[in-house]
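These are the residues of each chain, in order.
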Amino acid sequence: MVKSAYKLLSSLQRDTRSCEPSTAQEQKKMLSGLWKLQILNKVKIFAWRACQNGLPIKSNLKKRQVALEDNCVFCGTEEEDIIHAIYQCRTIRQCWIDLGLGLQLEARYIDFVEFVTIAQKNGSKEEVEKFLVIAWGFWYRSNKKMFDDSEVHPIAAVHQTLALWSDLKQLKGIGKKSNGRWIAPLVGSL
Ligand SMILES: [Zn+2]
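Residues numbered from 1 in each chain as written. Predicted model: local features only at pLDDT ≥ 70, side-chain atom pairs only at ≥ 80, totals over all residues.

**Remarks on the overall build of the chain**
Right, so step 1: Scanning the chain for helices and strands turns up eight helices and zero strands.
Right, so step 2: What you see in the chain, going N to C, is helices and strands ordered as α-α-α-α-α-α-α-α.
Right, so step 3: Across the 190 residues of the chain, 28% fall into the buried class.
Right, so step 4: Considering only residue pairs separated by 6 or more positions, the chain has 52% of its internal contacts joining residues 24 or more positions apart. (Helix = DSSP H or I, 4+ residues; strand = E, 2+ residues; numbered from the N terminus. Buried ≥ 20, exposed ≤ 12 C-beta atoms within 10 Å, placed from the backbone. Contact = placed C-beta atoms within 7 Å.)

**As for unusual backbone geometry**
Right, so step 1: Phi angles above zero are rare outside glycine, and glutamine 65 is one such case at about 60 degrees.
Right, so step 2: Relative to the helices and strands, glutamine 65 resides in the loop between helix H3 (58-63) and helix H4 (82-88).
Right, so step 3: Overall, the presence of 7 C-beta atoms within 10 Å leaves glutamine 65 in the exposed class.
Right, so step 4: Of note in this structure, aspartate 149 is not a glycine but carries a positive phi near 55 degrees.

**Some thoughts on helix H2 (residues 41-51)**
Right, so step 1: All buried positions along H2 are accounted for by Val43, Phe46, Ala47, Ala50 and Cys51. Viewed end-on, H2 has its buried residues packed into an arc of 135 degrees, placing them on one side of the element. Facing away from the buried side of H2, by more than 90 degrees, are the exposed residues Asn41, Lys42 and Ile45.
Right, so step 2: Positive phi appears at asparagine 53, one or two residues downstream of H2, with a value of about 55 degrees. (Arc of directions from axis to C-beta.)

**Things to note about the packing of H2 against helix H7 (residues 125-148)**
Right, so step 1: Where H2 meets H7, the axes come as close as 10 Å, and the angle between the chain directions of the two elements is 80 degrees. As far as their axial angle goes, H7 and H2 are roughly perpendicular. Residues Val43, Phe46 and Ala47 of H2 pack against Leu132, Val133, Trp136 and Trp139 of H7.
Right, so step 2: Grouping the amino acids of the contact of H2 with H7 by side-chain chemistry returns seven nonpolar, no polar and no charged. (Axes fitted to C-alpha atoms, helices over the stretch in contact; angles between N-to-C directions. Parallel < 35°, antiparallel > 145°, perpendicular 65-115°, else oblique. Nonpolar A, V, L, I, M, F, W, Y, C, P; charged D, E, K, R; others polar.)

**What about the environment of leucine 162?**
Right, so step 1: As for its position among the elements, leucine 162 is in helix H8 (residues 154-178).
Right, so step 2: On the neighbour-count criterion, leucine 162 (15 C-beta atoms within 10 Å) is partly exposed.
Right, so step 3: Along the sequence, leucine 162 and lysine 130 sit 32 residues apart, while their C-alpha atoms lie 7.7 Å from each other.

Dropping the structure here:
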């Protein structure tokens, strides 16, 4: 018992040491870019928690002994970690292909921080926003399935999240116009 606890502690310390330098730097960079994006706060918080690997994804729930197994709630065959849930699952792959984002994300980016860092390097601000918004939508869809046993079609999830994002962009646009500094006055109004 003592021996296995010691082994676990040693492996955790080893993991922490090996992750610290690059992860801390990448997270700092990624997070500073993240807060400047024009996306809902809940999407930013989702991305931040995903960077800490702190989302209630099956693989995490199994590690914490909340779930007995870690199979994906949709395909049922692969382990559901964050990258699988938002990007790699075969049930949502076609949606990403159809979206045609030029982010060049590949399966080898297995860490969320690295995944978003690559997206930031390869994509425009709008593409990164779109990527995070859709990723949040798929994560939310996965939660609905796991906790409410309610299934949303992937295409519907994409449409719903894009509509939310578009509403936000419009609201921000209206906010800008309403401060009135850059709107040309109507003819005859002066
Ligand atoms: Zn899956």
